[in-house]
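Results of the structural survey
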Amino acid sequence: MLAQINQLADPIGAIIGFLLTLMVLSYIIGDNVLFRLAVSIFIGVASGYAAVLILYNVIWYQVLVPIFQIFTTGKLEGLPTYAIHVFPAVILGFWMITKLTPRLSRWGTPVLAFLTGVGAATVLAGAVRGTIFPQVGASVNMLNIQTAPTELGNIVGWFINGLIVLIGTATTLIYFQFGARRQEEGVPARRSVVLDYLSTAGQGFIAVTLGVLFAGVYLATLSALIDRVQFLWDTISRFF
Amino acid sequence: MKRILPITNAVIAVVSGLIVLFGYFFPGLLSGIQSVLISWAIIIAAFALLVGVFNLVMVHWKKTGTEGSNSIYSIVLLISLFITIIVAGLSGPTGSWTLWIFNNFQVPIEVSLLAVLAIVLLYAGARLLSRKPKWYTILFLITVLLVLVGSAPLFLAGESAPLSALRIWLSQVPAIAGARGLLLGVALGTVATGIRILIGIDRPYGG
Amino acid sequence: MTDIICPLCGKPNPEELDECQYCQAPLKVAGFIASPEDQEDFSQIFPPSPDQAGEEDQDTQPEPPPPSEQSIPDWLKQTEASFLKPSELEPEELSSEQLSEQIDALINLPSTPAEPQKSAIDDEWLTSLLSEAGAIESIPEGEVLLERAVETGEETSTPAGEETTQEEEEPPAVPAERPAWLTNLEASSNIKLDGGMQPSEVPEPEEQEASVEETDVPGASEHVEIPDWISKVSFEEVPPEPKEPEPPIEPAEIPGWLEALRPSEEATPTAPVEDVSAADVVTAGPLVGLRGVISAHPSAIQARKPPTYSIKLRVTEEQRARVQMMEELLAEEQKPKPPTSKRIITSQNIFRLAIALVLILPIVWMIIAKSQQSPLPQPGNYPGVIDFFQQVQQLPAGAPVLVAFDYEPGFSGEMNSAVSTLLSQLMAKNTYLTLVTTAPSGVALAESLVKDAGTGLAGSLSSYPYYTDLGYLPGGTMGLLGLASSPKTVLPYSLEGIDVWASAPLNTVSSVTDFGAVIVITDDPDTARAWIEQVGPVLRAEDGPILMVTSSQAEPLIRPYYEASPSQVQGMVAGLAGGQAYSRAVGRQPQNGVWDAFSMGVTVSILIILIGGIISMVFMLQASARKRED
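None of these values were measured; they are calculated from a predicted model.

1. Here we look at the overall build of chain B
Of the regular secondary structure elements, chain B holds seven helices and zero strands. Going from the N terminus to the C terminus, chain B shows its helices and strands as α-α-α-α-α-α-α. The proportion of buried residues among the 207 residues of chain B is 45%. Here the analysis covers contacts within chain B between residues at least 6 apart in sequence; of these, 28% occur between residues at least 24 apart.

2. Let's talk about the interface of chain B and chain C
Contacts between chain B and chain C engage 50 residues on the former and 51 residues on the latter. Of all elements in the fold, only α2 (27–65), α4 (96–126), α5 (135–151), α6 (161–172) and α7 (174–198) of chain B reach the threshold of two or more residues within the side of chain B that touches chain C. Sort the elements by how many residues they give to the side of chain B that touches chain C and α4(B) lands first, with 15 residues. Grouping the constituent residues of the side of chain B that touches chain C by class yields 32 nonpolar, 13 polar and five charged.

3. Some thoughts on the pairing of strand β5 (residues 400–406) of chain C
For a regular strand, side-chain orientation follows a simple rule: the groups alternate between the two sheet faces. Residues and elements named next belong to chain C. Within β5, seven of the seven residues are buried, leaving the element largely enclosed by the surrounding structure. Of the two faces of β5, the one carrying Pro400, Leu402, Ala404 and Asp406 and the one carrying Val401, Val403 and Phe405 are both buried. One ladder, built from five bridges, connects β5 with strand β6 (residues 432–437); its direction is parallel. The partner of Ala404 across the bridge, within β6, is Val436. As judged from the six bridges shared by β5 and strand β8 (residues 517–522), these two strands associate in the parallel manner. Its bridge partner lying in β8, Asp406 is registered against Thr522.

4. Remarks on the packing of helix α6 (residues 193–239) of chain A against α4(B)
With their axes 7 Å apart at the nearest point, α6(A) and α4(B) run at an angle of 125° to one another. Here α4(B) runs oblique to α6(A), going by the angle between their axes. For α6(A) against α4(B), the interelement crossing comes out left-handed. Where α6(A) approaches α4(B), its residues A:Val217, A:Tyr218, A:Thr221, A:Leu222, A:Ala224, A:Leu225, A:Asp227 and A:Arg228 are matched on the opposing element by B:Val111, B:Ser112, B:Leu114, B:Ala115, B:Leu117, B:Ala118 and B:Leu121. The class makeup of the residues in the contact of α6(A) with α4(B) is eleven nonpolar, two polar and two charged.

5. Focus: the pairing of β6(C)
Residues and elements named next belong to chain C. Of all six residues in β6, six are buried; the element is thus mostly enclosed. Covered by surrounding structure in β6 are Tyr432, Thr434 and Val436 together with Leu433, Leu435 and Thr437, the residues of both alternating faces. For the segment spanning β5, helix α16 (residues 412–428) and β6, crossover handedness is right-handed. The pairing of β6 with strand β7 (residues 467–472) spans four bridges and is parallel. Its bridge partner lying in β7, Thr434 is registered against Thr468.

6. Here we look at helix α14 (residues 347–369) of chain C
Since one α-helical turn is 3.6 residues long, residues separated by three or four positions face the same way. All names here are of chain C. Between its first and last C-alpha atoms α14 spans 33 Å; for 23 residues at 1.5 Å apiece the expected length is 33 Å, and the two agree. Along α14, the residues that are buried comprise Arg352, Ile355, Ala356, Leu359, Ile360, Ile363, Met366 and Ile367. Positive phi appears at Lys370, one or two residues downstream of α14, with a value of about 50°.

7. Brief notes about the confidence of the model for chain C
On average, residues of chain C score 75 in pLDDT, and 61% of them are at 70 or above. Confidence over residues 191–221 of chain C falls short of pLDDT 50; this stretch has 51 contacts with residues more than four positions distant or in other chains.

8. Points about the sheet that holds strand β10 (residues 571–574) of chain C
Residues and elements named next belong to chain C. In space, the six strands of this open sheet follow the order β7-β6-β5-β8-β9-β10, with parallel pairing throughout. Two strands bound the open sheet, and with one partner strand each, they are β7 and β10. Across the sheet, the axes of successive neighbouring strands diverge by a mean angle of 15°, strand direction being ignored. Against the sheet, helix α15 (residues 385–393) makes contact with β8, β9 (546–550) and β10, and its axis sits at roughly 120° relative to β10, the strand it touches most.

9. Side note on the confidence of the model for chain B
Of the residues in chain B, 99% have a pLDDT of 70 or more, and the chain-wide mean is 91. The spread of mean pLDDT over the elements of chain B runs between α6(B), the lowest at 87, and α4(B), the highest at 95.

10. What about the packing of helix α4 (residues 109–141) of chain A against α2(B)?
For the pair α4(A) and α2(B), interaxial distance at closest approach is 10 Å and the crossing angle is 120°. On the basis of their axis angle, the class for α4(A) and α2(B) is oblique. Pair α4(A) / α2(B) crosses with left-handed handedness. Here A:Val111, A:Leu115 and A:Val118 of α4(A) lie close against α2(B), whose contacting residues are B:Leu37, B:Ile38, B:Ala41, B:Ile44 and B:Ala45. Its residues assigned to classes, the contact of α4(A) with α2(B) comprises eight nonpolar, no polar and no charged.

Rules used throughout
- Residues numbered from 1 in each chain as written.
- Chains lettered and ligands numbered in written order.
- Predicted model: local features only at pLDDT ≥ 70, side-chain atom pairs only at ≥ 80, totals over all residues.
- Helix = DSSP H or I, 4+ residues; strand = E, 2+ residues; numbered from the N terminus.
- Buried ≥ 20, exposed ≤ 12 C-beta atoms within 10 Å, placed from the backbone.
- Contact = placed C-beta atoms within 7 Å.
- Nonpolar A, V, L, I, M, F, W, Y, C, P; charged D, E, K, R; others polar.
- Pairing = 2+ DSSP bridges.
- Axes fitted to C-alpha atoms, helices over the stretch in contact; angles between N-to-C directions.
- Parallel < 35°, antiparallel > 145°, perpendicular 65-115°, else oblique.
- Left-handed = near helix turned anticlockwise from the far one by under 90°.
- Right-handed = clockwise from strand over helix to strand, strands pointing away.
- Expected span 1.5 Å × (residues − 1).
- pLDDT = per-residue confidence, 0-100.

In structure tokens form, the structure reads like this:
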């Protein structure tokens, strides 16, 4: 019985996938019931899987299994680590469940505050260490003479490219600066003319970057469309 | 209590954040405490995800009781959620039945959603010039066309070396300049926001 | 329609007017509406001249007064006319001496007030009256006298102006006595004031004439040339009133024009609404004698504790019903309205359907035909592919490699070919795959792909044995920081519950630097950035590289990290094209027509964008031309 079910699982799964694909692709002609049903199924499946994964991966294996092992084997080696790294977090995790009820919601705020503080510090340090310093250095090193090519024709191209990258990076950052000097009363504040021109140049670089991004997104979605067409054809050819 | 609780929340956020931050600068002294706090945060984040799923169930449970056509979607959502929990719970996150549900339900729907997006993006690109275009709109469109032309050989026309070279130059020079500027801007904004949270000015957690 | 006589200038005005059309005096003062009797009085007070009377009979609209009369102030005319008797009096011929005395009386201001009890107001206006009559109006008056003299047929000898100036130069030796009309004017004006002139004080006209005659004596002794025209002027003298016994103080006779100004009874203050006749009379204080006044006695105000009022709202049933109605209305506003059913067949949907068909049909054709016409992409045309391939190739056999499956299943169509190629290359080198994911769906994805890749590699149903799945790492960037510093702490067990850190090869791994390589497979640039920012700084130059397999949508934002110097990402494969190029570098060539379909899709997309853009431009230009024409 189980083997038969296993044998049938594949074609049944293919048919389900086929139908769900058509239900979602029906959005091309407009929003409809089939599309919304497919999306509801997707949310339910994804949420259920995430919940099971958390229960398995974190609650069971990181919280419950170590304490069971300690009690069953009697080995207390892992107890200090568990008591420091895991147990307080479990208490805080249960404390955070108070956020579910409106009446007790504000009592769960300290846990969120802790999460926010730790997260902010992590992201801040990562931005400084991982992006600001290396990327600024990279922009400067574009015109590092030590990395320059030896051939003359290449040097010109290298220099021009480095200059474009340096100017593009700077003007892109300038574009997002909207501060202006205060003028006389009644006169609206305006940026200086030089900054205006530089920000216009930055606007051009941003337009190019966004164009490349848009093309990349479209290529990704085109690949998905090709994958679905192939799947549909494979399913049809499988049964017919 | 109304005044004590917000101050306590701010103190907790600031102290915990500063310990983690200074752990980078004083690894010998604070790396242990930093590691402990990070461990707590990871487990609490897992609980937060569970709380989110539970909240989703509660919201849609309430919707099933209301009249209207929208309740059927909530019913379908809850049915698929509970079936997945039962099957994946019994089979395990990497069990065969779990993978069967994953490969035949989640993957087709997600890929199809992205495929529909291709039609929408192409429609938007075709109508980009329907309104009075500015110079950067035209530059944007030209860039899109150049990248598309250079990303794959044109059917029956083959691959064009100059166009490929142009696409490579576009992605390596001006696009990198703009992207680097964007990344630096995002990073600077992240630093500013992080500092504001760590000194207690911003309190996104409420209170 | 009866005309309204102006109380100020005496001219008739139409009934509908509110202001006199001559002197702009209000005709209909509050409560005052000139009654027909009063209007007759007005006409008697201001008897029209024979010429004017004749003109009025002929014309309905009265003619404006002559310029000579316009220069005379109206109030002066009033004061003159008010003391004229209603009956027509024949002007009596005055002697030249009497005439000069009267003129002197008009010109010369009295040095001392005759009646100290008179109000200063009367003296002031009288003084001004006299000064104006003497200084300013002397000439017009002279002209009036001249006219009258002409009427009586007498000649004039010298102009009055010269006479008046001569008389002004001569200061009066004796305080001049006022003429009768002036005295009567004073008497009538003093009637309303306290300490006004007593009737006994009103000089008799005969006495006035005698006083005038007496004052004229010194003037008569001097040889004063009196012009002939003055002697011809006749004054209308107010006839002396018959002597009556002095009655007690009677209410003064208010002249008619003044009476006409009295507010009518309609505007008089009404009697108090409340009948206070029964109220007590105030016996002390400033309001003594009044009734109905709040007593100032302390006992009237009894200090007592302020009453406490219930804070409970007293709501009637009607108010409750209204509140409920309002609450229902507000609740309905907060409820999301169901979206209106839209027509499925709209021009936008048809256009979108047409684009979808134009795009999908060639792709279907390529898939069905399994076309292989388009050349596979060259690895050199995609920066990062060759570096990626080389970095993987340089991994030592059996080395533990951390592979992060951080992409959504939706991008599996684009990235699965690159991931499969990567896994096959790693499995070929017998590397120990340590799978981890920061996205919940990555676990199942990783398992599916590893199983498929293992099956394909081994050519059997058995899967690749050298891997472990550490499962889901919650916390995002915090989890990555923990993984970078101490993976054993944050992920102590695998997904099967095995302590993988206790056995080889992971027993040699204490931090992320101990892995041979960190390969991140992601579709999200933020996830890639988190890995680079948290794990990248921990890795040193001698440690394993960070390699990226990304979607083409994330490539522009990850490439700056690859192109940096020193590079933060040592190799990257992006998109379907990058995956195909990587497959070609590894030596795998797909045969399912995907690349041709991709090529066809890109070509059709370019054409649709170009044609759509041209059509949109044409329509836009036409629309703007039409707007300009309008």
